[in-house]
Amino acid sequence: MTSSLLRAAVRNNAFWCDAVCKALGLPGEFTATVWFHRRGTPPFYPDVVTLTEADGETTEAIATLVNDDTRDWAVKDSYAALDLAPLGFRMLFEAEWIGIRNPVSAPSPITWQRVRNAADFSRWEQEWEKANGPVTQKIFAEPLLADPEIAFLLAFENGRPLGGGILNHHAGAVGLSNLFAEGGRGEDIRRGLIAQAAALYPREPLVGYEHGDDLDEALRTGFELLGTLRVWLREA
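So, here's what we can say about the structure. (Residues numbered from 1 in each chain as written. Predicted model: local features only at pLDDT ≥ 70, side-chain atom pairs only at ≥ 80, totals over all residues. Heavy atoms only, no water.)

**Concerning the packing of aromatic side chains**
Phase 1 of the analysis: In the structure shown here, the tally under the stated rule is 11 aromatic pairs.
Phase 2 of the analysis: With a centroid separation of 6.1 Å and an interplanar angle of 75°, the aromatic rings of Phe-44 and Trp-128 are classed as edge-to-face. Placement of the pair is Phe-44 in the loop between β2 (34–36) and β3 (48–50) and Trp-128 in helix α3 (residues 118–132), with a sequence separation of 84 residues.
Phase 3 of the analysis: For Phe-44, a relative accessible area of 60% gives the class exposed.
Phase 4 of the analysis: Taking relative accessible area as the criterion, Trp-128 reaches 5% and is therefore assigned buried.
Phase 5 of the analysis: Ring centres 5.5 Å apart and planes at 70° place the aromatic pair Trp-97 and Tyr-209 in the edge-to-face group. With Trp-97 in strand β5 (residues 90–100) and Tyr-209 in strand β10 (residues 206–210), the pair connects residues that are 112 residues apart, well separated along the chain. (Phe/Tyr/Trp six-rings, centres within 6.5 Å; stacked < 30°, edge-to-face > 60°. Helix = DSSP H or I, 4+ residues; strand = E, 2+ residues; numbered from the N terminus. Buried < 20%, exposed > 50% of the residue type's maximum accessible area, 1.4 Å probe, protein only.)

**Side note on empty space enclosed by the protein**
Phase 1 of the analysis: The tally for this structure, following the rule as stated, stands at one cavity of 30 Å³ or more.
Phase 2 of the analysis: The calculated volume of the largest cavity comes to roughly 30 Å³.
Phase 3 of the analysis: Contributing to the lining of the largest cavity are Ile-98, Leu-176, Arg-190, Val-207, Gly-208, Tyr-209, Glu-210 and Phe-223.
Phase 4 of the analysis: By residue number, the principal contributor to the lining of the largest cavity is β10, which donates four residues.
Phase 5 of the analysis: Taken together, the residues that form the lining of the largest cavity break down as five nonpolar, one polar and two charged. (1 Å grid on protein atoms, 1.4 Å probe; cavity = no way out; pocket = protein on both sides within 12 Å on 5 of 7 lines; lining within 4 Å. Points joined across faces, edges and corners; volume = space filled by probe spheres on them. Nonpolar A, V, L, I, M, F, W, Y, C, P; charged D, E, K, R; others polar.)

Spelled out as structure tokens, the structure:
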């Protein structure tokens, strides 16, 4: 049986994808079964996110949406239940939804700053790109800073940037995404972001998704497995 926390994680992620696109002036659209974007999303973001467990209606909706063969399409199969190979897709990766039902704040030697202005936002982006590599297309835009339900966070140790991440509060959960850290400090940053979520959005569960070493790290910091997702890609 699908848990309520898994459903919250899925919807939170779709709302986050929409918020990122909306801040760039290009909001997506919601139906009963999917969130989707007609014109293409920023790097690392899907064009379609499924909102319900698979059935024929979901697959038919995706087939109708991805009728433009002149560009790439990425689909986040939120419940790992679709076979999109007949539509020309290949599975890009598989990951796990994760959650903490009752995150708690804890003391830490790391100092946290919430990004609130253009100068700090630019610094956050620079640090994020140091960890993830340069991007050729704008991903995050300043209107996101005006939303009280979204927090860009930067961590410092001895006055030096150490890492950071983003929290977004939608669909009855707080989504943790875009975590970055200096080498070997990922677990410290993740624990700090858990504490920040508990402080900023008390009594709300924390959700996200990870795979590989990042998933192992998340499980060590108290996250539990909620369910599997797959990302599918069809290239032009």
